[in-house]
Every structure is written in C-alpha cells, then in structure tokens.
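Descriptive analysis of the structure
What follows is each chain in one-letter form.
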Amino acid sequence: MSDDLTNLIKSFYPYAERYGVIRALPEAGRERAEILRELDGIARAENRSWEGGRCSGSMYSGDHEHYDFLNQVYARFSYINALQRDMCPSMTRFETDIIAMSLDMLHGSAVQEHHPDETACGALGFGGTESIINPILAYRDRAREERGVTAPNVIVPATAHPAFHKAGHLLGVEIRVAPVDETTRVDVDAVRGLIDGRTIALVGSAGNYPYGTIDPIAALSELAVERDLWLHVDACLGGFILPWGEQLGYDIPVFDFRLPGVTSISADTHKYGYGLKGTSVVLYRDTEFRRRQYFIAPAWKGGAYVSNGLAGSRSGGLLAATWAAMVSYGREGYLRYARQIFETAARMRAIVCSHPELTLMGDPTFCFSFRSDAFNVYHVNDHMAGQGWRFNGQQDPEAIHMCVTRPQTRPGVVEAFETDLAAAVAYAKQRAGQKPRSSAVYGAGSSELPAETPEQVQQLLTLALDVLQKYPF
Ligand SMILES: Cc1ncc(COP(=O)(O)O)c(C=O)c1O
C-alpha cells in the first residue's frame, strides 16, 4: 500500500490512536459517565466544523436549542417500534399529521380540481432515497399491471440525484438520462426524444442538488399528460423551503400538485423540514400509487406481516421528533427561516457574481453553484477549506456547490464569505496550471481523490467503503 493511500485511510480514523480500535465486544462494560464524557468531547469538537456557519448544506437548522428540544421529544419515543401500533397509537397521530401538513404545503388539495376521482396521500420513509425508490417501485408495478410494460424505463435529468439510479439498479428499471441546457434545467425536447413505448415516468427536480435550480416542471407536466406518463418531482431538497420562497414573492415556478401531470413528490423532513436525520415524505396524487409501495406477507409463519415502505422496524422517536419540529415552527417559523435563508443566499450569490472570474450555474435561489473559466475552481475550494469553509466539489463541469442553511444566516458569516472568497480568487489566479488538492466527492468536503478515470474512482470509492467499515491496520 502506498504512503498516500495509507495516510488517506488513516485520515478516516482520527480517533484510532487516542481511543484505540475495538475488534471484539469488550469483556467488561464501561461506566456510563465515562462514555458520555468521551462522546461529549467528540461531539463538541465535531460540531465546531459547522457551528461557525461555514458548511454548505447538511446542518439545515444548526440551532442547538431546536436540537435539544427535538432530542427531548426523541427520548420519549426512541425505543418505540412504529410497526407495533397497538402499543403506540401515538405513531399513527404523528405520521398522519406529518403527511397532512406536507400535503397542505405542497397543495395536495389541488388534485381535486384536475383529477376529482383521485385523493392525494403520502408516506413517511427514512430519507430522500427511500422517497425516490418507492415511487419508482409503484410506477414499475402499476405499469406492469395496467399497461403490460415489463421492461420499463424512466427519464431523469442529468442533474437528478443518484437515488434514481439506485432505484433503477435495485428495481430493474432502465434510467434514461436527459441532458440539461445552458440554464442547468432539463431540456424538455431531449426528454420528449427519449420517450418510447416502454417509458412509464418522467422526473424533474425542485431544486436539483448540484445547482439548486428547478427543472421546467410545468412543461414536464404537460408532456406527461400528453403522453400519459407519470411524473415524479424530486423536492427532497426544495420541498420544505421553496413553498415559503414562493409566498415571500421569490420567482419560484409552480412545481407541486397544482400541476395536473405531477403524480408524486419527494420532500425531506430531515432537510429544510428541520427534523432530526432519518425521515422524509413521499406524496402521491392518489392512493393507487401508494398501495404499490406496501409490502404484505399474509401467510408468513410469524404472522401476517405488513410494512408501508422499505423499512421494517421504524423509530418512534424520529416520527415524534419530526412531528414536533413541524408543529413547533408552524407556517410562521418556516416562513421566518426561509426569508433569512433566501436573503442570505441572494447576498452570497451577489458576492460570487462580483468576481468576473466566477460564473454562477443557472439562475438559482437558496442553493447555488459556481464555476470558473479563468482557473481551476477547486483552487478556490482549497483556499476556502483552509479558512474553515466546507463546500462540495462538483464535476462536469468542475464547480463549487453552496447550499445555504440557517447557520449562514448568523451575523458576520456573509461578510466572512466575501473576504475569504476574494482571497481565494487571488490564490486561484496564482495557481494557474497547478493541480488543486480538492476534488469532487459528494459528502467529502474538500477531500482529495487520487483517481482520474471513472473506473479508478469506482475502485477507490469501493475501497473507501470497505475501509470505512473495517480498520485495515
Ligand atoms: C435533490 C435531492 N434528492 C434526493 C436526495 C437524497 O436524499 P437522502 O440523502 O436523504 O437519501 C438529496 C440529498 O441531498 C437531494 O438533494
């Protein structure tokens, strides 16, 4: 193993030297107080990476008082399995309330206007990925039953989240990729050109993860209606913030059930819903779709079994905490935080645009990305990382992604962004022709990726997953 690789792997285990690595269940248990002391120290140190407001995305609330409140709620139900409803009917209350509030926010009642025989509904899952896999499953099975399509395909924008490719991989559904145009939004003519007799659904994002831009959902809706296809809107990222942006008067196009072609929407409660990590909502135009994500084993020896999605046992604590986040903020709270985030994002985008060397990708709002024709933009990331900023590097084209969350709305953060970005641009200019340190790995900040071809990246990330789950030394 090369020194570079050894050092990279060791960087995954910063606690190995200090606390050791456990290779078997310890013979004797440890004192609770000692465990808590150790973990307090770790959590406090790790929190410092985002508390200053320099981390893109991830910490959507970043409000310790809010987290403490949610953790109190979580503690009351953390040991409850939401599958055991006889013991915990509270779960039914939490779940139906969360679905109803989400449907209200995304105009579920509008379904009655264009599809009077249908009734919007929803389901909770463990994250955006589940809220994407489930509708693809529902579409696959419904297309097979009602339309006789046995080798289906779904058309997604090039910017769509990899969860769609994961769904296609797991469910045997072909995922066809439509290019995006210079606005970073999907090219609807290209989508039209990809449709064939086996196409069952289209996908658009509101907004997409890479650039935060919103696909032309109204045009996709029209196309879906015209060609009798289903349409999933991935609002995992934007679902809990764009509706408030629209109310605040920002130029947010309609992307929800007000459009007659939209048949499902994913929206993550654990992102701008400000819940704890581990919940998301998928909404359907009708129960005919939702039913197809249920799994029922009527004759199992363990007793007739039913689950409403991919998970088996589900944490009652997360359902309760998600519910508590929503009711503790209400419309007023969501609107207040959305206003702060939209205003902050506008200021940060203006700072980016003040540098002629930097180009914003498309016309985004709360989440944006920028690239450069003047130098390798990863040099900017390198310098910003040294100042404590954590952005995601992107590829094709190389760009830097910033998803604005509440920690950036605190006093002084935008000003620091302005100062640090100016220095980063100067730094990047001096390094023309040199290789930057950071690269494009989702969820890895400015980490280095010593690989170039897609095959090398695949190999290295496979190795990374292996060593993230077993200390190799
Ligand atoms: C647009 C979009 N869709 C889907 C997902 C997947 O969500 P999760 O990571 O919760 O599975 C994300 C995550 O960032 C996202 O931004």
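Residues numbered from 1 in each chain as written. Predicted model: local features only at pLDDT ≥ 70, side-chain atom pairs only at ≥ 80, totals over all residues. Heavy atoms only, no water.

1. Focus: a nonpolar patch on the surface
Stated precisely, the cut-off is as follows: Only residues whose relative accessible area exceeds 30% and that take part in no salt bridge are eligible for patches, with like-charged residues grouped when within 9 Å of each other and nonpolar side chains (Val, Leu, Ile, Met, Phe, Trp, Tyr) grouped when within 5 Å. Accessible surface is estimated by sampling points in the Shrake-Rupley manner with a 1.4 Å probe; for residues, cover comes only from the protein chains shown. Salt-bridge detection follows one rule: a side-chain nitrogen of Lys or Arg within 4 Å of a carboxyl oxygen of Asp or Glu. Under the scheme applied here, a residue whose accessible area is under 20% of the maximum for its type counts as buried, over 50% as exposed, and between as partly exposed, the area being computed with a 1.4 Å probe on protein chains only.
Taken together, the side chains of Phe 12, Leu 465 and Leu 468 define a hydrophobic patch exposed on the protein surface, amounting to about 270 Å² of accessible area. Look at Leu 468 and you get partly exposed, because its relative accessible area is 47%.

2. Let's talk about the pattern of salt bridges
Side chains that carry opposite charge are capable of pairing whenever their charged atoms lie near each other. The condition that has to hold: Only DSSP runs of H or I with at least four residues qualify as helices, and only runs of E with at least two residues qualify as strands; both kinds are numbered from the N terminus onward.
Counted by the stated rule, this structure contains 26 salt bridges. The partner of Arg 93 in a salt bridge is Asp 97, with the nearest N and O atoms 3.9 Å apart. Taken together, the residues Arg 93 and Asp 97, both in helix α5 (residues 90–105) and 4 residues apart, mark about one turn of the helix. Several salt bridges share partner residues, and in doing so they unite Arg 142, Glu 145, Glu 146, Glu 288, Arg 291 and Arg 292 into one network.

3. Quick look at the sheet that holds strand β12 (residues 392–394)
For clarity, the threshold we go by: Note on pairing: two strands pair once DSSP finds at least 2 bridges between them. A fitted line through C-alpha atoms serves as each axis, taken over the contacting stretch for helices, and the angle formed by two N-to-C directions is quoted from 0 to 180°.
Reading across from one edge, β10-β11-β13-β12 is the order of the 4 strands in this open sheet, with antiparallel pairing throughout. This sheet does not close on itself; its edge strands, each paired only once, are β10 (358–360) and β12. Between one strand and the next, the sheet's axes are offset by a mean angle of 30°, whatever the strand orientation. Pairing of β12 with strand β13 (residues 399–403), which is carried by 3 bridges, proceeds in the antiparallel orientation. Considered in β13, the bridge of Gly 393 is made with Ile 400.

4. Details of helix α7 (residues 128–147)
Keep this limit in mind: The length a helix should cover is 1.5 Å for every residue beyond the first.
The first and last C-alpha atoms of α7 sit 28 Å apart over 20 residues, in line with the 28 Å expected at 1.5 Å per residue. A positive backbone phi angle near 65° is found at Gly 148, which sits one or two residues after α7.

5. Points about the domain arrangement of the chain
Threshold: Each domain's extent is set by a domain assignment, obtained either automatically or from a database. The contact definition used throughout considers only heavy atoms, calling two residues in contact when any of these lie within 4.5 Å. Accessible area, probed at 1.4 Å, shrinks when two parts are joined; the buried area is that loss added up over both. As used in this structure description, the phrase polar contact means that two N or O atoms lie within 3.5 Å; if the pair is within protein, one of them must be able to donate a hydrogen and the other to accept it, and residues adjacent in sequence are counted only when both atoms belong to side chains. The classification used treats Ala, Val, Leu, Ile, Met, Phe, Trp, Tyr, Cys and Pro as nonpolar, Asp, Glu, Lys and Arg as charged, and all other residues, Gly among them, as polar.
Entries for the chain in the domain assignment read domain 1 (1–60 + 374–473) and domain 2 (90–325). On the domain 2 side, the residues contacting the 12 residues of domain 1 number 10 residues. Across the domain 1/domain 2 interface, buried area totals approximately 920 Å², and carbon plus sulfur atoms make up 53% of it. The tally of links between domain 1 and domain 2 comes to 0 salt bridges. If you look at where domain 1 meets domain 2, you find 6 residue pairs in polar contact (both at pLDDT 80 or more). Taken together, the elements giving at least two residues each to the side of domain 1 that touches domain 2 come down to β12 and β13. Split by residue class, the side of domain 1 that touches domain 2 holds 5 nonpolar, 5 polar and 2 charged.

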